[in-house]
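One letter stands for each residue in the lines below.
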Amino acid sequence: MLNHFTSHTVERDGVPLHTRIGGEGPPLLLLHGHPQSMAMWHRVAPTLAKHFSLVLMDLRGYGDSARTAADAAHHAHSKREMARDAIAVMAHHGFHRFDVLAHDRGARVAHRLAVDHTNAVRSLLLLDIAPTLAMYEQTGEAFARAYWHWFFLIQPPPLPEALIDANPARYVRSVMGSRHAGLAAFDPAALAEYERCAAQPGTATSICEDYRASATIDLEHDRADIAAGRQLSQPLRVLWGEHGTVARCFDVLALWRERAVNVSGHSLPCGHYIAEEAPDRLIAEALSFFQTVQKEQP
């Protein structure tokens with residue numbers, strides 16, 4: 001999928017990262033969620049490419065990017081390291097200041113990217129997340145039941161890895177099919193792509209390490225930001241699915257207003273997978289938000 005975008009491999013510190021680039025206009029970085037890849041943007045990228053120079057990136061451990069070895073502190077899969085990947089990818093393509101559209105895990109990377117590299121990120125549009133620290137600290141029964149994988153994946157190895165590796169396609173379908181729209185929301189070719197990538201050697205380890213990092217080192221970084229009074233200074237738009245777990249369990253806008261100074265947002269009539277469930281709505285929101293920002297901050 002996305003074959004009309006040019007494929008590249010960008011290496012940072014020995015980690016090959018798969019990217020695709022296409023379109024014309026101001027640079028816009030797209031970061032995907034779990035357990036997906038850049039293929040999740042297939043319904044919105046062709047239209048956005050008429051207005052932006054798009055850079056699509058597979059996060060380390062996902063898609064066709066490298067699977068990175070685990071380490072005791074989960075440093076290699078921290079959102080800080082993934083944010084550095086994004087900076088390297090954008091610099092490779094000649095972009096040193098850009099906007100970001102990101103979903104799910106990619107949105108958590110985008111949050112860290114915007115905090116750590118303030119001058120590089122002009123604005124960001126995040127899909128269906130509240131801040132990671134707030135979600136862990138405010139976990140209740142409804143959230144734990146719906147986001148069971150958050151707590152399954154952080155268990156010590158090798159059990160989570162072994163269960164995923166036993167049937168990667170079943171894992172992908174179990175996570176994605178349990179949401180509001182079920183599996184019917186996904187193009188069969190996109191679903192096949194997610195399953196293909198999940199079956200690559202090392203994927204289970206990377207997935208687990210991504211979540212272990214979010215429950216450990218990433219929270220340390222978030223707490224350090226709060227202690228230092230660091231907030232997102234860029235324009236931030238947040239969108240969430242009105243039928244999703246995040247909407248049911250958290251006050252999304254209020255939580256982001258604790259972490260950023262310029263926040264707007266609202267729900268959309270869909271579930272978690274906004275780019276695939278409500279692509280036309282997302283395109284309209286993205287064009288409106290980013291083009292307004294570009295007029296105000298040329």
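Use the structure listed above.
Residues numbered from 1 in each chain as written. Predicted model: local features only at pLDDT ≥ 70, side-chain atom pairs only at ≥ 80, totals over all residues. Heavy atoms only, no water.

Student: Is there a simple way to explain the overall build of the protein in this structure?
Tutor: What the protein contains, in helices and strands, is 15 helices and eight strands. A principal-axis box enclosing the C-alpha atoms of the protein has dimensions of 50 × 40 × 40 Å. Taking all 298 residues of the protein together, the buried fraction comes to 60%. For the protein, the proportion of contacts with a sequence separation of at least 24, taken over those separated by at least 6, is 77%. When the accessible surface of the protein is summed, it comes to about 11,200 Å², and 51% of that surface belongs to carbon and sulfur atoms. (Helix = DSSP H or I, 4+ residues; strand = E, 2+ residues; numbered from the N terminus. Buried < 20%, exposed > 50% of the residue type's maximum accessible area, 1.4 Å probe, protein only. Contact = heavy atoms within 4.5 Å. Areas by Shrake-Rupley, 256 points an atom, 1.4 Å probe, with all protein chains shown as cover.)

Student: What is the right way to read the pairing of strand β2 (residues 15–23) from this model?
Tutor: Of all nine residues in β2, seven are buried; the element is thus mostly enclosed. Relative to β2, strand β1 (residues 6–12) runs antiparallel, the two being bridged by seven bridges. Within β2, the residue paired with Thr 9 across the bridge is His 18. One ladder, built from five bridges, connects β2 with strand β4 (residues 53–57); its direction is antiparallel. (Pairing = 2+ DSSP bridges.)

Student: Got a minute to help me understand unusual backbone geometry in this structure?
Tutor: Glycine aside, a negative phi is what most residues show, and trans is what most peptide bonds show. With omega at -5°, the peptide bond leading from His 34 into Pro 35 counts as cis. Its location among the elements puts Pro 35 in the loop between β3 (27–31) and α1 (45–48). Residue Pro 158 is reached from Pro 157 by a cis peptide bond, and omega for that bond is 10°. The residue Pro 158 is located in the loop between α6 (148–152) and α7 (159–166) in this model.

Student: Help me out: how do you make sense of the sheet that holds β4 in this one?
Tutor: Taken together, the eight strands give an open sheet; going across it, the order is β1-β2-β4-β3-β5-β6-β7-β8, and neighbouring strands pair in mixed fashion. Of all the strands in the sheet, just β1 and β8 (263–268) have a single pairing partner and so form its edges. Within the sheet, the average angular offset between the axes of one strand and its neighbour, ignoring direction, is 20°. In the sheet, strand β7 (residues 236–241) pairs with β8 via six bridges, with the strands oriented parallel. Paired with Trp 240 across the bridge in β8 is Ser 267. Sitting on the sheet, helix α2 (residues 79–92) touches β1, β2, β3, β4 and β5 (98–103), and the angle it makes with β1 is about 125°. With respect to the sheet, helix α3 (residues 105–116) is in contact with β3, β5 and β6 (121–127), its orientation differing from that of β5 by roughly 145°. (Axes fitted to C-alpha atoms, helices over the stretch in contact; angles between N-to-C directions.)

Student: So what exactly am I meant to see when it comes to helix α15 (residues 279–296) here?
Tutor: Each full turn of the α-helix corresponds to 3.6 residues, which orients residues three or four apart in the same direction. Its 18 residues place the ends of α15 26 Å apart at the C-alpha level, agreeing with the 26 Å of an ideal helix rising 1.5 Å per residue. For α15, the complete set of buried residues consists of Pro 279, Leu 282, Ile 283, Glu 285, Ala 286, Leu 287, Phe 289, Phe 290, Val 293 and Gln 294. (Expected span 1.5 Å × (residues − 1).)

Student: Where do I start with the environment of Val 100 in this structure?
Tutor: If you trace the backbone, Val 100 turns up in strand β5. Judged by its relative accessible area of 1%, Val 100 is buried. Residues Val 100 and Pro 168, 68 residues apart in the sequence, show an inter-C-alpha distance of 29 Å. With near-sequence residues (within four places) excluded, Val 100 lies in contact with Leu 28, Leu 29, Leu 31, Ala 110, Leu 113, Val 121, Ser 123, Leu 124, Leu 125 and Phe 290.

Student: Can you walk me through the packing of aromatic side chains in this structure?
Tutor: Two aromatic rings are characterised by how far apart their centres lie and by the angle between their planes. The tally for this structure, following the rule as stated, stands at twelve aromatic pairs. Ring plane angle 75° and centroid distance 5.2 Å describe the contact between Phe 143 and Phe 250, whose orientation is recorded as edge-to-face. Within this pair, whereas Phe 143 is found in helix α5 (residues 141–146), its partner Phe 250 is found in the loop between α12 (245–249) and α13 (252–257), the two being separated by 107 residues in sequence. The exposure class of Phe 143 is buried, given its relative accessible area of 1%. The class of Phe 250 is buried, set by a relative accessible area of 7%. An aromatic cluster is present here, built from Tyr 136, Phe 143, Tyr 147, Trp 150, Phe 151 and Phe 250 joined pairwise through their rings. (Phe/Tyr/Trp six-rings, centres within 6.5 Å; stacked < 30°, edge-to-face > 60°.)

Student: How should the environment of Cys 270 be read in this particular structure?
Tutor: Among the structural elements, Cys 270 can be located in the loop between β8 and α14 (274–277). Along the primary structure Cys 270 and Leu 125 are separated by 145 residues, whereas in three dimensions their C-alpha atoms are 17 Å apart. Ignoring anything within four residues of it in the chain, the contact list for Cys 270 reads His 180, Gly 241, Glu 242, His 243, Gly 244, Glu 277 and Ala 278.

Student: Is there a simple way to explain the environment of Leu 125 in this structure?
Tutor: Mapped onto the elements of the fold, Leu 125 is located in strand β6. What makes Leu 125 buried here is its relative accessible area of 0%. Between the C-alpha atom of Leu 125 and that of Asp 58, which follows or precedes it by 67 residues, the distance is 18 Å. Not counting residues up to four positions away in its chain, the partners in contact with Leu 125 are Val 100, Leu 101, Ala 102, Arg 237, Leu 239, Leu 282, Ala 286, Phe 289 and Phe 290.

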